[in-house]
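Structure assessment
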Amino acid sequence: MTVDYQSIGLVNSEDMFKKALRGKYAIPGYNFNNMEQLQAIIQACVETKAPVILQVSRGARAYANQTMLTYMAEGAVQMAHELGYDIPIVLHLDHGDSYDLCMSCIDTGFSSVMIDGSHLSFEDNIKLTKKVVDSAHKKNVSVEGELGVLAGIEDEVSAEKSNYTKPEEVEEFVAATGVDSLAISIGTSHGAYKFPPGVEPKLRFDILYEVEKRLPEFPIVLHGASSVLPEYVKIINDYGGDLKKARGVPEDQLRKAADSAVCKINIDTDGRLAMTAMVRKFLAENPDVFDPRGYLKAARAELIAMIKHKNINVLGNAGKA
Ligand code: G3H
Ligand code: 13P
Ligand code: ZN
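The written sequence of each chain sets the order in which its residues are numbered from 1. In the order they appear in the text, chains get letters beginning with A and ligands get numbers beginning with 1. Totals for whole chains, interfaces and linings use all residues, but because this is a predicted model, local features are given only for residues with pLDDT of at least 70 and pairs of side-chain atoms are given and counted only at 80 or more. Water and hydrogen atoms were dropped before computing side-chain values, which therefore reflect all heavy atoms in the structure.

**Here we look at the coordination of the zinc ion (ligand 3)**
Those protein atoms acting as donors to the zinc ion (ligand 3) are His-95 (NE2), His-190 (NE2) and His-223 (ND1), and they sit at 2.0 to 2.1 Å. Sites may look incomplete because water is not among the atoms; the donors themselves are N, O and S atoms within 2.8 Å of the metal, or within 3.2 Å for Na, K and Ca. Look at where the donors of the zinc ion (ligand 3) fall in the sequence and you get H-x94-H-x32-H. With His-95 in strand β3 (residues 89-96) and His-223 in the loop between β9 (220-222) and α9 (230-238), the pair connects residues that are 128 residues apart, well separated along the chain. Using a relative accessible area of 1% as the deciding quantity, one classes His-223 as buried. Secondary structure follows DSSP: runs of H or I at least 4 residues long count as helices, runs of E at least 2 residues long count as strands, and numbering of each begins at the N terminus. The buried label goes to any residue with under 20% of its type's maximum accessible area, the exposed label to any with over 50%, and the partly exposed label to all in between, with areas taken from a 1.4 Å probe on protein chains only.

**Considerations on the sheet that holds strand β4 (residues 112-115)**
Strand order in this closed barrel of eight strands is β1-β2-β3-β4-β5-β8-β9-β10, and the pairing throughout is parallel. The average undirected angle you get between the axes of adjacent strands in this sheet is 25 degrees. Bridge analysis of β4 against strand β5 (residues 142-147) gives three bridges, and the strand direction is parallel. Across the sheet, Val-113 pairs through a bridge with Val-143, a residue of β5. Whether two residues touch is decided by their heavy atoms; if any such pair falls within 4.5 Å, the residues are in contact. Geometry is summarised by axes, namely lines fitted to C-alpha atoms with helices restricted to the contacting stretch, and by angles between N-to-C directions that run from 0 to 180 degrees. Helix-sheet contacts for helix α7 (residues 167-177) involve β5 and β8 (181-184), and the interaxial angle to β5 is about 150 degrees. Lying over the sheet, helix α10 (residues 251-258) contacts β9 and β10 (262-267), oriented at roughly 145 degrees with respect to β10. Two strands pair if DSSP finds at least two bridges between them.

**What about the environment of Gly-148?**
Position of Gly-148 relative to the elements: it lies in the loop between β5 and β6 (152-153). Taking the C-alpha atoms as reference points, Gly-148 and Gly-191, 43 residues apart in sequence, are found 17 Å from one another. Other than its neighbours up to four places away in sequence, Gly-148 contacts Ser-118, Asn-163, Tyr-164, Thr-165 and Ser-185.

**Points about the site of ligand 2**
Taken together, 17 residues surround ligand 2, and among them Asp-94, Lys-194, Ser-226, Asp-268 and Thr-269 come closest. Here an oxygen atom of ligand 2 sits 3.1 Å away from a polar atom, N or O, in the side chain of His-223. Each polar contact in these results corresponds to two N or O atoms within 3.5 Å; when the atoms are within protein, one needs to be able to donate a hydrogen and the other to accept it, and residues that are neighboring in sequence are counted only if both atoms are side-chain atoms. Contact distances for ligand 2 include 2.8 Å between an oxygen atom and a backbone N or O atom of Gly-224. In isolation ligand 2 offers 310 Å² of accessible surface; the protein chains occlude 98% of this area. At the level of secondary structure, the elements contributing two or more residues to the shell around ligand 2 comprise β3 and β10. Here the nonpolar group is Ala, Val, Leu, Ile, Met, Phe, Trp, Tyr, Cys and Pro; Asp, Glu, Lys and Arg are the charged ones; every other residue, Gly included, is treated as polar. Its residues assigned to classes, the shell around ligand 2 comprises two nonpolar, eleven polar and four charged. Whether a residue is near a molecule or strand is decided by its heavy atoms; if any one of them lies within 4 Å of it, the residue is near. What sets the accessible areas is the Shrake-Rupley method with a 1.4 Å probe; for residues, cover comes only from the shown protein chains.

**Digging into the nonpolar core**
For our purposes a nonpolar core is just a set of buried Ala, Val, Leu, Ile, Met, Phe, Trp, Tyr and Cys residues, chained together by side-chain atoms within 4.5 Å. If you look at the biggest cluster of nonpolar residues, it comprises 103 residues, and the most contacted ones within it are Phe-32, Leu-54, Ile-89, Leu-182, Ile-220 and Ile-265. In this view, Leu-54 contacts Tyr-30, Phe-32, Leu-38, Ile-41, Ile-42, Ala-76, Ile-89, Val-90, Leu-91 and His-92; residues no more than four positions away in its chain are not counted.

**Some points on the pairing of β3**
The side chains of a regular strand alternate between both faces of the sheet. Within β3, eight of the eight residues are buried, which leaves it mostly tucked inside the rest of the structure. The sheet contact formed by strand β2 (residues 52-57) and β3 spans six bridges and is parallel. Its bridge partner being in β3, Val-56 is matched across the sheet by Leu-93. Two elements, β3 and β4, share three bridges in a ladder whose sense is parallel. Paired with His-92 across the strands is Ser-112, a residue of β4.

Structural data, given as structure tokens:
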């Protein structure tokens, strides 16, 4: 099946990023891999009139099924319409690791792709990223590149320690590749354990501002930006989980980043925590329930509340659609 993103009602990120830069807010990149997460994202973003980037990792695409995903994205656009407000929606590949994967996503309706060559040498990163950009731009698909490596371990993304982005490399990278946005490493990391106990959770705003100076009016992306909300960690731990040392990026630092050239902020872990907290709590309090709708409804409701909070109080994209 080959599908153009325009035909299913999606948009690329160009216009969104222009407005976010001008308006000093950030568009959320919310990861999803199932129906309840997608319903929650759409419901919350329509209710807050917020533009949104739906993002899917390689693992998530394999989990959900690539054909199913195309229909889910089309369904998301239609759901927003039925809810009464046509918010702009981007479907984005998160951490694409090869040219072929990026092309396959573009062929199945993605309007934006990330090619993550951050683990390669500077030269090889440029080569791979440029190859993706050249093909993607022929179809008006946006491309996100990355310079610098985030620490943290995920199913599909792993790095032992972070290497901050070197500001002196960004101009050459952007000029040589033609990317539409650039993910940088300033101290965030993927997953629920971003800062060890005793270490102050602080982002390197000095690096961000230096990048901003060298790339005026250029969209910057922040990965690993979940706050690992303590209330969810507590519920998970209270109901049999074991996430004792989990810590994330404080929300005031994300708000400060959204004020700068950062116009996309990626959030996956917080959504996972919100759902898991509610599933654990619901099942513990309702031991007789075995209909998945019971616990998934509770999980979905919490995710809606969390996303609305992020849009309104942290990213500032609420009311911008
Ligand atoms: O940055 C990675 C995202 O959180 C996706 O994670 O590969 O486990 O789907 P995943
Ligand atoms: P978190 O693990 O902090 O939610 O980061 C998600 C991410 O960067 C997806 O690309
Ligand atoms: Zn990421």
